[in-house]
Amino acid sequence: MNKDRPDHQSIAFAGTKGQGMYDWLTGPAAAIWLDRGVDRQRGGYYDSLSMGDVKNSSEFKRLRVTCRQIFVFSRLSTLGVSGAQDAMEHGINFLFDKLRHSEGGFVRSVTIDGQKLDERRDLYDLAFTVFALAAAFGRTRDTNLRDEALRILTFIQTQLWHEAGGYQEGLPPALPRRQNPHMHLLEACLAWLPLSAESAFRDVAQTILDLMSARFWSSDSECLFEYFEDDWQPCTNIDRRIFEPGHHFEWAWLLGECANAGLVVPDLSEKLARKAFQHGFSAQGLPYAEVRPDGSVADEFCRIWVITEWLRAQSTHCADFVPETRSEPGSAPLDKLQHFLNVPTKGLWFERCNAVSGQFVNEAVPASSLYHIVTGIDHLLELPQNYTH
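None of the values given here were measured: they were computed from a predicted structure.

The terminal C-alpha atoms of helix α5 (residues 143-159), which comprises 17 residues, lie 24 Å apart, in line with the 24 Å expected from a rise of 1.5 Å per residue. Taken together, the buried positions of α5 are Leu 145, Glu 148, Ala 149, Leu 150, Ile 152, Leu 153, Phe 155 and Ile 156. Considering only its buried residues, α5 is in contact with α3 (84-98), β6 (121-122), α4 (123-140), β7 (170-171), α6 (180-192) and α7 (199-216).

Attention now goes to unusual backbone geometry. Residue Pro 172 follows Leu 171 across a cis peptide bond; omega there is -5°. With omega at 0°, the peptide bond leading from Leu 175 into Pro 176 counts as cis. Here the phi dihedral of Val 54 falls at roughly 55°; this positive angle occurs in a residue that is not glycine. The phi angle at Trp 232 is positive, at roughly 70°, despite the residue not being glycine. Looking at Trp 232, the relative accessible area reads 1%, which means it is buried.

Roughly 520 Å³ of volume is contained in the second largest pocket. Around the second largest pocket sit 22 residues that line it, and Asn 180, Glu 244, His 247, Arg 303 and Trp 305 are the ones nearest its centre. For the lining of the second largest pocket, the secondary-structure elements that each account for two or more residues are α2 (63-78), α6, α8 (245-260), α10 (304-313) and α12 (368-377). The element that contributes the greatest number of residues to the lining of the second largest pocket is α6, accounting for three residues. For the lining of the second largest pocket, the per-class residue count stands at seven nonpolar, five polar and 10 charged.

Moving on, we get to the packing of α4 against α6. It is the contact of α4 with α6, at a shortest axis distance of 8 Å, that shows an interaxial angle of 15°. It follows that α4 is roughly parallel to α6 by the angle criterion. In terms of crossing hand, the pair formed by α4 and α6 is left-handed. Contact with α4, carried on its side by Leu 123, Tyr 124, Ala 127, Phe 128, Val 130, Phe 131, Leu 133, Ala 134 and Phe 137, involves Asn 180, Pro 181, His 182, His 184, Leu 185, Glu 187, Ala 188, Ala 191 and Trp 192 of α6 and no other residues of that element. The residue makeup of the contact of α4 with α6, split by class, is 14 nonpolar, three polar and one charged.

Our next topic: the nonpolar core. With 122 residues, the main nonpolar core has Trp 33, Leu 185 and Trp 251 as its most contacted residues. Tallying contributions element by element places α4 first for this core, with 13 residues. Each residue touching Trp 251, except ones within four places of it in the same chain, is listed here: Gln 179, Met 183, Leu 186, Ile 208, Leu 209, Met 212, Phe 216, Leu 224 and Leu 272.

Next up on the list: the sheet that holds strand β4 (residues 109-111). Strand pairing within a sheet occurs via backbone hydrogen bonds; the two strands may be parallel or antiparallel. If you trace the three strands from one edge of the open sheet to the other, you get β3-β4-β5, paired in antiparallel fashion. Where the open sheet ends on each side, the last strands, each with one partner, are β3 (60-62) and β5 (116-118). The average undirected angle you get between the axes of adjacent strands in this sheet is 35°. Pairing analysis gives three bridges linking β3 to β4, with the strands arranged antiparallel. By the bridge assignment for β4, Phe 60 is matched with Thr 111.

So, how was this worked out
Residues numbered from 1 in each chain as written. Predicted model: local features only at pLDDT ≥ 70, side-chain atom pairs only at ≥ 80, totals over all residues. Heavy atoms only, no water. Helix = DSSP H or I, 4+ residues; strand = E, 2+ residues; numbered from the N terminus. Expected span 1.5 Å × (residues − 1). Buried < 20%, exposed > 50% of the residue type's maximum accessible area, 1.4 Å probe, protein only. Contact = heavy atoms within 4.5 Å. 1 Å grid on protein atoms, 1.4 Å probe; cavity = no way out; pocket = protein on both sides within 12 Å on 5 of 7 lines; lining within 4 Å. Points joined across faces, edges and corners; volume = space filled by probe spheres on them. Nonpolar A, V, L, I, M, F, W, Y, C, P; charged D, E, K, R; others polar. Axes fitted to C-alpha atoms, helices over the stretch in contact; angles between N-to-C directions. Parallel < 35°, antiparallel > 145°, perpendicular 65-115°, else oblique. Left-handed = near helix turned anticlockwise from the far one by under 90°. Core = buried A, V, L, I, M, F, W, Y, C linked by side-chain atoms within 4.5 Å. Pairing = 2+ DSSP bridges.

Here is the structure:
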């Protein structure tokens, strides 16, 4: 028995489906990713596992996957899964030993053996590094992790700041600019607010919230654009003038969390949710990947992370926009999520399906999506208020 494991009876579940998701996460999912997803010999985590024989199916290891899995194992440790704390610390060691860039920040990827592969410093990946360090700090209270997170924020603010507002995509800079890395940097800073009184986390979070309302959101199109020119004008390339229902849901949830944290947030949650629900779903009740502002579909595939963001958004007042016909919270997205998890090897999942036909794609299972599953169902797995490490 893990000495940190809370009493199972003291964990609150949002209905029987909530308990079912707890059982899936702490049972077969934890078992597979602890056994097959951690590279005990060379360090770090595997980027993906094959659906059939559950073996590594990637030739590299990415920073974003390392950081997301650090978060996952920290959460599993909080839920009392044996070995999860060691797996989290294993990832932290790999992060510092193999992924650090000699000139500040961390590289995007290394080979399977840990040799530098892509040495770009990427804003999206650095945001997840800050996020992972918050998760690890929450378990260990190691102040070195907090100091590292602050160094990354300093690097972002000094090396990636853009004169038009917000941050560059990375070093070297690239176009188009995107809202998505900024959203995840907001998520990362938000994770630190209950853990540290350092003003940098709150300041960066507020900067991104202000940028979201001023640049990302289009009041004319009533949607959140994804891609931008250097000056934050929406991309002139018509193929990139799209919104993603999943990110509408994610922002709707984040704005609520930011308001709870005392940040000044734009009043956009309902508009984000309404646009996603009105134009972002197929007749099968599945959200599309990409939609044009006029409601026409740009990408009709649905990935699992969009379902989990729908689930998070429906844990807020955004549920008011979708008739709920079942008694349990979030039944509609939970039902869809369970279809994605219904694979022969329990603990894996289908990554995507066609939102029109409902047909799943048989492909390798990316480790990166476990983070989305955990965050999506996290509000269904509530530890008692007085439970601490």
